[in-house]
Amino acid sequence: VRSKVIAIDGPAAAGKSTIAQKVAQMLGYVYIDTGAMYRAVTLKALNQNIDVEDEETIAKMLQDTSIRLTNDKKVFLDGEDVTDAIRQPIVSQNVSAVSAHKFVRDELKRRQIEYAKTDNVVMDGRDIGTNVLPDADYKIFMTASVEVRAQRRYDENLRRNIPCDLETLKQEIQTRDELDSTRKHSPLIKAEDAIVVDTSDLTIDEVIDAIINIVKGGE
Ligand code: C5P
């Protein structure tokens, strides 16, 4: 039998990764954070002083880049733990430029499809249900108002002792959504057959329940 796929797409800071990881845990699936893969590529480009607009050089770099995701949300780039480094503002500010390049998308998509061949997966991102795994068993489009998303990211940063400013966060989230939604290759867009889950007024547990119900309902 073919492995099962739950695709969770949506705008920045909608809570996708928190929810996707928990749902994966509950179902015994492997969690794949595709945003972390784009972030890792961006971090490496920045570290090597490669211009984020320089698709050709990034493409070459990517050919000998290893990215490993673990089920407890750790990210390894060429063997080094970059779990925290890929969340830095400088990476968030440049990731949309890197992820707009067709070669980068094609290569990461190839790797993402590979994961889904061997394991049941919960995969979160921007284009999983539309482009990477359009035959996914379940497609969720997770959103929340930009105010709620900014506030959650703000609270999360405070908990992790990362200084930040609410208004700046809101602007960064809006800019990233705008860039991700308007790029030429596989932009952020709801798949026609995706179920929308608006998390603005829901707790984490309520969102998890909603998704588990969708999955159980379809069995
Ligand atoms: O999910 P996260 O916010 O960490 O994603 C970081 C960035 O990676 C997004 O803003 C987007 O530019 C890119 N991305 C993408 N396609 C995906 C996942 C993420 O283009 N499937």
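Residues numbered from 1 in each chain as written. Predicted model: local features only at pLDDT ≥ 70, side-chain atom pairs only at ≥ 80, totals over all residues. Heavy atoms only, no water.

Enquirer: Sorry if this is basic, but what is going on with the overall build of the chain here?
Expert: Within the chain, the regular secondary structure consists of nine helices and eight strands. Its C-alpha atoms give the chain a radius of gyration of 16 Å, near enough to 17 Å, the size a compact globule of 219 residues would have. Among the 219 residues that make up the chain, the fraction classed as buried is 48%. On the chain, roughly 10900 Å² of surface is accessible, and the fraction owed to carbon and sulfur atoms is 49%. Averaging the locations of the 30 positively and 38 negatively charged side chains of the chain gives two centres separated by 3 Å. (Helix = DSSP H or I, 4+ residues; strand = E, 2+ residues; numbered from the N terminus. Rg over C-alpha atoms; globule rule 2.2 N^0.38 Å. Buried < 20%, exposed > 50% of the residue type's maximum accessible area, 1.4 Å probe, protein only. Areas by Shrake-Rupley, 256 points an atom, 1.4 Å probe, with all protein chains shown as cover. Lys, Arg positive; Asp, Glu negative; His and termini not counted. Charge placed at Lys NZ, Arg CZ, Asp CG, Glu CD.)

Enquirer: Help me out: how do you make sense of the sheet that holds strand 7 (residues 138-143) in this one?
Expert: Where strands meet in a sheet, backbone hydrogen bonds hold them as pairs that are either parallel or antiparallel. Spatially, the five strands line up as an open sheet ordered 2-6-1-7-8, and their pairing is parallel. The sheet is open, and its two edges are formed by strand 2 (30-33) and strand 8 (195-198), each paired on a single side. Between one strand and the next, the sheet's axes are offset by a mean angle of 20 degrees, whatever the strand orientation. Relative to strand 7, strand 1 (residues 5-9) runs parallel, the two sharing four bridges. The residue bridging Ile6 from the neighbouring strand is Tyr138, located in strand 7. (Pairing = 2+ DSSP bridges. Axes fitted to C-alpha atoms, helices over the stretch in contact; angles between N-to-C directions.)

Enquirer: Would you mind showing me how to read the site of the ligand here?
Expert: Taken together, 16 residues lie near the ligand, and Arg39, Arg105, Asp127, Arg176 and Asp180 sit nearest. One of the side-chain N or O atoms of Arg105 is found 2.8 Å from an oxygen atom in the ligand. Side-chain polar atom of Asp127 to a nitrogen atom of the ligand: 2.8 Å apart, as the coordinates give it. Contact with the protein chains removes 96% of the 450 Å² of surface that the ligand exposes when unbound. Put simply, the parts of the chain that give the shell around the ligand at least two residues each are helix 2 (34-47), helix 4 (89-99) and helix 8 (166-182). Here the shell around the ligand gets four residues from one element, more than from any other, and that element is helix 2. Classifying every residue of the shell around the ligand by side-chain character gives three nonpolar, five polar and eight charged. (Near = heavy atom within 4 Å. Polar contact = N/O pair within 3.5 Å; in protein donor to acceptor, adjacent residues only side chain to side chain. Nonpolar A, V, L, I, M, F, W, Y, C, P; charged D, E, K, R; others polar.)

Enquirer: Could you clarify how one ought to interpret the nonpolar core in this entry?
Expert: As a rule of thumb, nonpolar side chains are buried together in soluble globular proteins. Among the nonpolar cores identified, the biggest contains 34 residues, and Val41, Ile58, Ile67 and Leu108 are the most heavily contacted of them. Of the residues forming this core, the biggest block, seven residues, is contributed by helix 2. Apart from residues no more than four positions distant in its own chain, Ile58 is found in contact with Val41, Ala45, Ile50, Asp51, Val52, Val98, His101 and Val104. By size, the runner-up hydrophobic cluster in this structure holds 18 residues, among which are Ile6, Tyr29, Tyr138 and Met142. (Core = buried A, V, L, I, M, F, W, Y, C linked by side-chain atoms within 4.5 Å. Contact = heavy atoms within 4.5 Å.)

Enquirer: Would you take a moment to explain the sheet that holds strand 3 (residues 67-69) for this structure?
Expert: Read across the sheet, three strands follow the order 3-4-5 without closing on themselves; strand pairing throughout is antiparallel. Each edge of the open sheet is held by one strand with a lone partner, namely strand 3 and strand 5 (80-81). The pairing of strand 3 with strand 4 (residues 75-77) spans three bridges and is classified as antiparallel. Counterpart to Ile67 in the pairing with strand 4 is Leu77. Against the sheet, helix 2 contacts strand 3 and strand 4, and its axis sits at roughly 145 degrees relative to strand 3.

Enquirer: Help me understand unusual backbone geometry in this model?
Expert: Glycine aside, a negative phi is what most residues show, and trans is what most peptide bonds show. One non-glycine residue with positive phi stands out, namely Lys73, at about 70 degrees. Tracing the chain through its elements places Lys73 in the loop between strand 3 and strand 4. The phi dihedral of Asp78 is positive, around 50 degrees, even though this residue is not glycine. Residue Asp78 is classed as partly exposed on the basis of its relative accessible area of 40%.

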